[in-house]
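Results of the structural survey
Next come the chains, spelled out residue by residue.
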Amino acid sequence: MTPVLLLAAGKESAEVTDWAARIGWVVGLALFVALVYWLMREGWKWRGTLQGDLPELPSRPSPATTPDGGGRPPLPGTPDDPGPAKLTMSGRYHGSTTAGQWLDRIVAHGLGTRSRAELTLTDAGLDVVRPGANDFFIPAHALRGARLDKGIAGKVLTEGGLLVVTWAHGERQIDSGFRSDHAAEHNEWAEALNQMTNKTEGAR
């Protein structure tokens, strides 16, 4: 066999793929990803168990939640008529944490689920509607203030890109982060929420 033919045969042999090894690597990578996902899921469930003392989230009365509407009755002290809307916002809910601890995520009762959100502020409080996730209502007396920030629950945005609402629920103080589709609204919301907080604190 001439050197040219030997060289060609060598090149042809080099192109042979070790499919068994490649499939082994793919299977191993898939198992590793599955293991990481399982560990994250178990960690999420464990955190939810630790937060089992957190009461059910308040809900605003509506035909769906009143006894006549076939749902659960409203919480005691929740107003039948929340009054006209002071402000409304469309945007995203980015999660909740223990107040002042932006990495201590709260996952109980669906608070760890990021989602779209529609916010309505009335004299009764802050109504949070979340398509595909648990809605919740923050009564005016539970509000503890609001600020502009850049991060919560592992989510980092630009400076002032997040509206953080602090509220009391059970024995906890909670920070909940929202981002409007129109970030210019954040200042107005923070001012209105802080005014409401000062008003309710003065009435106690």
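Structure first, text after, so check above.
Residues numbered from 1 in each chain as written. Predicted model: local features only at pLDDT ≥ 70, side-chain atom pairs only at ≥ 80, totals over all residues. Heavy atoms only, no water.

1. Section: the overall build of the protein
Tallying secondary structure elements over the protein gives three helices and ten strands in all. Reading the helices (α) and strands (β) of the protein from amino to carboxyl end gives α-α-β-β-β-β-β-β-β-β-β-β-α. Here the contacts in the protein between residues at least 6 apart in sequence split such that 57% fall between residues at least 24 apart. Total accessible area on the protein stands at roughly 12,300 Å², and carbon and sulfur atoms take up 59% of it. (Helix = DSSP H or I, 4+ residues; strand = E, 2+ residues; numbered from the N terminus. Contact = heavy atoms within 4.5 Å. Areas by Shrake-Rupley, 256 points an atom, 1.4 Å probe, with all protein chains shown as cover.)

2. Here we look at the nonpolar core
Membership of the largest hydrophobic core comes to 28 residues, with the highest contact counts inside it found for Phe136, Val165 and Trp189. Contributing elements (two or more residues each) for this core: strand S1 (87-98), strand S3 (115-122), strand S4 (125-129), strand S5 (136-139), strand S6 (143-149), strand S9 (162-169), strand S10 (172-180) and helix H3 (186-203). Here this core takes four residues from H3, the largest share from any one element. Ignoring sequence-local partners within four residues, the contact set of valine 165 consists of Leu126, Ile138, Leu143, Gly145, Ala146, Ile174, Asp175, Ser176, Phe178 and Leu193. In terms of nonpolar packing, the next biggest core, distinct from the first, is built from five residues, Ala153, Leu157, Leu162 and Val164 among them. (Core = buried A, V, L, I, M, F, W, Y, C linked by side-chain atoms within 4.5 Å. Buried < 20%, exposed > 50% of the residue type's maximum accessible area, 1.4 Å probe, protein only.)

3. Re the packing of aromatic side chains
Summed over the entire model, instances satisfying the criterion amount to three aromatic pairs. Geometrically, the ring pair formed by tyrosine 93 and phenylalanine 136 is edge-to-face, given 6.0 Å between the ring centres and 70 degrees between the ring planes. Here the residue tyrosine 93 occupies a position in strand S1, and phenylalanine 136 occupies one in strand S5, the gap between them amounting to 43 residues. Each member of the pair, tyrosine 93 as well as phenylalanine 136, is classed as buried. Ring centres 5.5 Å apart and planes at 55 degrees place the aromatic pair tyrosine 93 and phenylalanine 178 in the tilted group. Of this pair, tyrosine 93 sits in strand S1 while phenylalanine 178 sits in strand S10, placing them 85 residues apart in sequence. Look at phenylalanine 178 and you get buried, because its relative accessible area is 0%. Following the ring pairs from residue to residue traces out a cluster consisting of Tyr93, Phe136, Trp167 and Phe178. Lying over the aromatic face of tyrosine 93, arginine 130 brings its terminal NZ or CZ to 4.6 Å of the ring centre. (Phe/Tyr/Trp six-rings, centres within 6.5 Å; stacked < 30°, edge-to-face > 60°. Lys NZ or Arg CZ within 6 Å of the ring centre and 35° of its normal.)

4. Thoughts on the pattern of salt bridges
Oppositely charged side chains can pair when the atoms bearing their charge come close. Within this structure, the stated rule accounts for four salt bridges. For the salt bridge of aspartate 181 with arginine 116, the shortest nitrogen-to-oxygen distance reads 2.9 Å. A residue pair is termed long-range when its members are at least 10 positions apart, and aspartate 181 in the loop between S10 and H3 and arginine 116 in strand S3 qualify at 65 residues. According to the relative accessible area criterion, aspartate 181 is partly exposed, its value standing at 42%. Residue classification places arginine 116 among the partly exposed positions, given a relative accessible area of 34%. With a closest N to O distance of 3.2 Å, arginine 147 and aspartate 175 form a salt bridge. Here aspartate 175 lies in strand S10 and arginine 147 lies in strand S6, a separation of 28 residues in the sequence. (Salt bridge = Lys/Arg side-chain N within 4 Å of Asp/Glu carboxyl O.)

5. Details of the environment of glycine 125
Tracing the sequence through the fold places glycine 125 in strand S4. Separated by 72 residues in the primary sequence, glycine 125 and threonine 197 have C-alpha atoms spaced 9.9 Å apart. Setting aside chain neighbours within four positions, we find glycine 125 in contact with Thr120, Phe137, Ile138, Pro139 and Ala140.

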